[in-house]
Amino acid sequence: MRKIKVGRLFLATCLGSFFFLILYFQNSSRSVVTLAGPRRNFTGKSRRSPLQTLYDNDQLEQSALQASLLGRRQLLEEVCRSYTRKRRVLTPEDLRHLVVDDEHGLLYCYVPKVACTNWKRVLMVLTGRGRYRDPLAIPANEAHVPGNLRTLSEYSPAEINRRLRSYLKFIFVREPFERLVSAYRNKFTRKYNTAFHRRYGTKIVERHRVNPKASSLVRGDDVTFEEFVYYLVDPRTQREEPFNEHWERVHSLCHPCLIHYDVVGKYETLAQDSQYLLKLAGVDSMVRFPTSAKTTRTNGDMAAKYFENISPFYKKKLFNLYRMDFLLFNYSTPAYLNSR
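Position numbers for residues count from 1 along each chain, tracking the sequence in the order it is written. Local features in this predicted model are restricted to residues of pLDDT 70 or higher, and side-chain atom pairs are both shown and tallied only at a pLDDT of 80 or more, whereas totals for entire chains, interfaces and linings draw on every residue. No hydrogens and no water enter the side-chain calculation; it runs on all heavy atoms of the structure.

Let's talk about the packing of helix α3 (residues 64-83) against helix α13 (residues 270-280)
Contact geometry for α3 and α13: axes closest at 11 Å, N-to-C directions at 95°. Considering their axes alone, α3 and α13 lie roughly perpendicular with respect to each other. Contacts between α3 and α13 involve L65, Q66, L69 and R72 from the former and Q272, D273 and Y276 from the latter. Taken together, the residues that form the contact of α3 with α13 break down as three nonpolar, two polar and two charged. Each axis is a line fitted through C-alpha atoms, taken for helices only over the stretch in contact, and angles between the N-to-C directions span 0 to 180 degrees. Numbering goes from the N terminus for both helices and strands, where a helix is a DSSP run of H or I of at least four residues and a strand is a run of E of at least two. When an angle is under 35 degrees it counts as roughly parallel; over 145 it counts as roughly antiparallel; between 65 and 115 it counts as roughly perpendicular; any other value is oblique. Should any heavy atoms of two residues lie within 4.5 Å, those residues are considered in contact. Ten residues, namely Ala, Val, Leu, Ile, Met, Phe, Trp, Tyr, Cys and Pro, are considered nonpolar, four, namely Asp, Glu, Lys and Arg, are considered charged, and the remaining ones, Gly among them, are considered polar.

In structure tokens:
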């Protein structure tokens, strides 16, 4: 019995040390930026790290883009200070959205419906040691295959902390309700997304539709946007399981008040922000961020149309659910939320 107790105590101590180390270095990184020295890529050439380049640039006369990115970073920190009362420790689960590029010293937190497929393609080119050259030549489904890119959760505590301190950490965000409408359109209005229809659609129809047809209960392929909103604000939804990553809040996916992001890119300025990041990493001559040819991209006007049939009561409940994303990333309350 004594051996069992000692074993349990040892295990608890190890787990506590893991979480303490991550929290300790995250607290330290906000006040002191530890800059790595010159890095060597797989070709053997020495170069400055992206993080060092970024903070060196902060000391120089800034371009409008650099000033904008610095402003986003500062605002994020201010909102975190204002709204975060208690800090908690990071767990491995918190780090599974952080993609690691050891060749170039990058950590990217991917957010679905914010150009994450193209960013994963770019990182596959950067980490592929010559295996890939053109991001668009990589099939979209291959970019999301587990194992093609490493995530921070796969490393030891010491390796995690070293990367959090010395790698450039970046994230791309989007107007929360445009992202939400984009997720609905992609997952519930495309006939090929049968896995989502069966996994989520059938439950939504069963709970939030009066007198549903038997075929809808089986297939779940005709969920309306109103029903999707009811599902999101239903307290049972998150009690039973976490949100799917496609409509989970950014602050819950990437934990920007626990992880100090050096660059906050925006979907609205995707091309210029992405080009700047590639330049920071010293790879802008090696790879270009793909430009989208989509003509039906979800924008503010399209999102407004989807909200036309949502009552003020449910608009308010949904806004409260995504409020922190609006605040953290400086998005204004949509005008259509105030209309009946």
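Additional details are given in the paragraphs that follow.
Structural notes on the pattern of salt bridges
Salt bridge, as used here: a side-chain nitrogen of Lys or Arg that lies within 4 Å of a carboxyl oxygen of Asp or Glu. Inspection of every chain in the model, using the stated rule, returns 15 salt bridges. As a salt-bridge pair, D102 and R163 come within 2.9 Å of each other at their nearest N and O atoms. Taken together, the residues D102 in the loop between β3 (98-101) and β4 (106-109) and R163 in helix α6 (residues 157-166) connect sequence positions 61 residues apart. Each residue gets one of three labels from its accessible area relative to the maximum for its type: buried under 20%, exposed over 50%, partly exposed in between, using a 1.4 Å probe on protein chains only. Overall, the relative accessible area of 31% leaves D102 in the partly exposed class. Judged by relative accessible area, which is 5%, R163 ranks as buried. Among the ionic contacts, a cluster of salt bridges with common partners joins R199, K203, R207, E240 and E241.

Here we look at α13
Residues lying three or four places apart along an α-helix face the same way, a consequence of the helix completing one turn every 3.6 residues. When α13 is considered as a whole, its buried residues turn out to be L270, D273, S274, Y276, L277, L278 and L280. At the C-terminal side of α13, G282 shows a positive phi close to 75°.

Some remarks on the packing of helix α7 (residues 176-188) against helix α15 (residues 312-328)
Two numbers describe how α7 lies on α15: the axes approach to 9 Å, and their chain directions differ by 120°. Taken together, the axes of α7 and α15 lie oblique to each other. Residues P176, F177 and L180 of α7 form the contact with α15, whose own contacting residues are L318, F319, Y322, D325 and F326. Looking at side-chain class alone, the contact of α7 with α15 contains seven nonpolar, no polar and one charged residues.

Re the nonpolar core
Counting 93 residues, the largest nonpolar core has W119, F177, F228, L232, W247, L318 and Y322 as the members making the most contacts within it. L318 has contacts with F177, L180, V229, L232, V233 and F307, leaving out every residue within four places of it along the chain. Among the buried residues, those of types Ala, Val, Leu, Ile, Met, Phe, Trp, Tyr and Cys that are joined through side-chain atoms within 4.5 Å form a nonpolar core.

Brief notes about the environment of S156
Among the structural elements, S156 can be located in the loop between α5 (140-143) and α6. Separated by 64 residues in the primary sequence, S156 and P92 have C-alpha atoms spaced 9.8 Å apart.

Topic: the packing of aromatic side chains
Between rings of Phe, Tyr and Trp, where Trp is taken as its six-membered ring, a pair exists when centres lie within 6.5 Å; planes separated by under 30 degrees are stacked, by over 60 edge-to-face, and by other angles tilted. For the structure shown, the criterion picks out 26 aromatic pairs. For the ring pair Y108 and W119, a centre distance of 5.8 Å and an interplane angle of 40° mean the geometry is tilted. One end of the pair, Y108, is in strand β4; the other, W119, is in helix α4 (residues 116-127), and 11 residues separate them in sequence. Ring geometry for F177 against F307: centres 5.0 Å apart, planes inclined by 25°, an arrangement best described as stacked. On the criterion of sequence distance, the pair formed by F177 in helix α7 and F307 in the loop between α14 (300-306) and α15 is long-range, its members being 130 residues apart.

Re the environment of T53
Relative to the assigned elements, T53 resides in helix α2 (residues 50-58). For the pair T53 and A281, spaced 228 residues apart in sequence, the C-alpha to C-alpha distance is 8.3 Å. Among all residues touching T53, those that are not within four sequence positions of it are R48 and L280.

Overview of the state of the cysteines
The disulfide definition used here is simple: a pair of cysteine sulfur atoms within 2.5 Å. The full count for this structure, using the stated rule, is two disulfides. Here C80 engages in a disulfide with C257; their sulfurs sit 2.0 Å apart. Taking the sign of the torsion about the S-S bond as the criterion, the disulfide between C80 and C257, at about -85°, is left-handed. With C80 in helix α3 and C257 in the loop between α12 (250-254) and β6 (263-266), this residue pair connects regions lying 177 residues apart in the sequence. Residue classification places C80 among the buried residues on the basis of a relative accessible area of 6%. C257 gets classed as buried once you look at its relative accessible area, which sits at 13%. What pairs with C109 in a disulfide is C254, and their sulfur atoms sit 1.9 Å apart. The disulfide joining C109 to C254 has a torsion of about -90° about its S-S bond and is therefore left-handed. Of this pair, C109 sits in strand β4 while C254 sits in helix α12, and the two are 145 residues apart along the sequence.

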